[in-house]
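Given next are the chains, with one letter for each unit.
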Amino acid sequence: MDVLPQPRNDGPPRMEPLAKLPVFWALEGKRVVVAGGSDAAAWKAELLAACGAHVDVYAEAFDETFEMLLSRAPDHPAAKFTPHRRRWAPDDLGGASLAIADCEDEADARTFSAAARAAGVPANVIDKPEFCQFQFGSIVNRSPVVIAISTDGAAPILAQTIRRKIEALLPRSLKSWATLAQSLRDAVNRRLAPGQQRRTFWERFSDLAFATTDTPEEGVGGVLLADAERLAEAPAIGSVALVGAGPGDAELLTLKAVRALQAADIILFDDLVSTEVLELARREAKRMRMGRQDGRARYRPADVGDMLAKLAKAGKRVVCLTPGDPMMFSGAGEMMARLCREDIPVHVVPGIHAATLRPALVGLPHRPRSGGAAGYGVSGGAVARTGDHDMPIGFAPLAVDVAVLLQLEARAHLNTVLPERDRLAVHRQPEQRGLALRPY
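What you are looking at is a predicted structure, and each value in this text was computed from that prediction instead of being measured.

Asks: So, a negative patch on the surface: which residues are in play, and what are the values?
Replies: A cluster of acidic residues, Glu16, Asp249, Glu251 and Glu276, forms a negative patch at the surface. By the element assignment, Glu276 lies in helix H9 (residues 275-278).

Written out as structure tokens, the structure reads:
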């Protein structure tokens, strides 16, 4: 059997390379330093205060916007502003959690950055990324739900556009639902064991939160805790999803396939499944490769069925991820029958098969308007009209199935022209530089 647990650092990575690591920093009650009295510095000070920080600001003069900010109490109960109407000094950075400065030139920026490093304080110099140890992203605020978007400084306007689109997708009521989740978390953890039980509860909670744009009704917390009690008493039942990964393009996955990947505990995947498809899976899901690797033979359906049954009986939600459509492969019915005999819930998530996709990519119909089989003629360019379709001159039409014909292009990109090496032996002529596919 070739179904093998993969070490965490083996096989396709669970995360592709990142320009920066997104980190959410707890600043409530922590001291931070802002050097500069400009509008840009005022915005950073306001942002830090929104996190509950104690903001020490240093500037010989403050802009009007900054003065207005300093004149009112912060909205966060733990936050406070302490203005120092003088230029910052290196000793001011000692003990700070973060240091931010708006510097007029590179010399000042270099001095501030060096002082922060000497004090062991992460520093950010506004609009001067070469002196920054961290960056601020564009923020979608539904606190305690917080989303930050970064383009690594390459296109701030793009980040703002992404933020606006996310803002339109997330209801304002999400803030209240997230606050309710915080209040229930300890009680849920006491009632439900880690793993599937807790995840099932929070998936139901999330579905409820997105099913409405209203804030939670009074008493809904008690109803949800009662549901948690019922989950605690129910036996753990796993499930299996046979998911089609399609031809490799992650954008061609169905929404149901994405949901299955994001809910899975364990993913058994074929060698031919692309990395970009696996990238959509839940990060915590364990991945197990099945197929050719290091010269071993391809997996057998009976062995995969045994593995699926074993994992599902342990209460795991298992996804068996195969290229194309899962029911196009021999053995799929055998695996389903085996799981049904064990009373294991199993469902199929269809995927796009290459035989369907390739004609569509180049605008070739699967069935012509006149009906009958979808046949194609092969020519070197000269065609004659026959009814609604072009007919190759001097060549017999090849009444073959689309899937069979498309295999002849030997994985070349089919832009209606086949390279010379892939010509059919029938009617081959040396002077032809290529063959054109035309429906007849």
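Asks: Can you break down the sheet that holds strand E4 (residues 80-84) residue by residue, with the values?
Replies: With parallel pairing, five strands are arranged side by side in an open sheet as E4-E3-E2-E5-E6. Each end of this open sheet is capped by a strand with a single partner; those strands are E4 and strand E6 (123-125). Neighbour-to-neighbour, the strand axes of the sheet open up by a mean angle of 15°, direction not taken into account. The pairing of strand E3 (residues 54-58) with E4 spans five bridges and is parallel. By the bridge assignment, Asp56 is partnered in E4 with Thr82. In this fold helix H3 (residues 106-119) packs onto strand E2 (31-35), strand E5 (98-101) and E6, with an angle of close to 170° to the strand it touches most, E6.

Asks: Describe unusual backbone geometry, with residues and values.
Replies: With an omega of 15°, the peptide bond between Ser143 and Pro144 qualifies as cis. Tracing the backbone shows Pro144 in the loop between strand E7 (138-142) and strand E8 (145-149). Located in the positive-phi region is Asp127, a residue other than glycine, with phi close to 65°. Summarising the element assignment, Asp127 is placed in the loop between E6 and E7. Non-glycine residue Asp343 carries a positive phi angle of around 60°. Structurally, Asp343 can be placed in the loop between helix H11 (332-341) and strand E13 (346-349).

Asks: I'd like to hear about a nonpolar patch on the surface, residue by residue, with values.
Replies: A contiguous nonpolar surface patch, about 430 Å² in accessible area, is contributed by Met15, Leu18, Leu21 and Val23. Secondary-structure assignment places Leu21 in the loop between strand E1 (3-5) and E2. What makes Leu21 exposed here is its relative accessible area of 66%.

The rules we used
- Residues numbered from 1 in each chain as written.
- Predicted model: local features only at pLDDT ≥ 70, side-chain atom pairs only at ≥ 80, totals over all residues.
- Heavy atoms only, no water.
- Patch = residues over 30% accessible without salt bridge, like charges linked within 9 Å, V, L, I, M, F, W, Y side chains within 5 Å.
- Areas by Shrake-Rupley, 256 points an atom, 1.4 Å probe, with all protein chains shown as cover.
- Salt bridge = Lys/Arg side-chain N within 4 Å of Asp/Glu carboxyl O.
- Lys, Arg positive; Asp, Glu negative; His and termini not counted.
- Charge placed at Lys NZ, Arg CZ, Asp CG, Glu CD.
- Helix = DSSP H or I, 4+ residues; strand = E, 2+ residues; numbered from the N terminus.
- Pairing = 2+ DSSP bridges.
- Axes fitted to C-alpha atoms, helices over the stretch in contact; angles between N-to-C directions.
- Contact = heavy atoms within 4.5 Å.
- Buried < 20%, exposed > 50% of the residue type's maximum accessible area, 1.4 Å probe, protein only.

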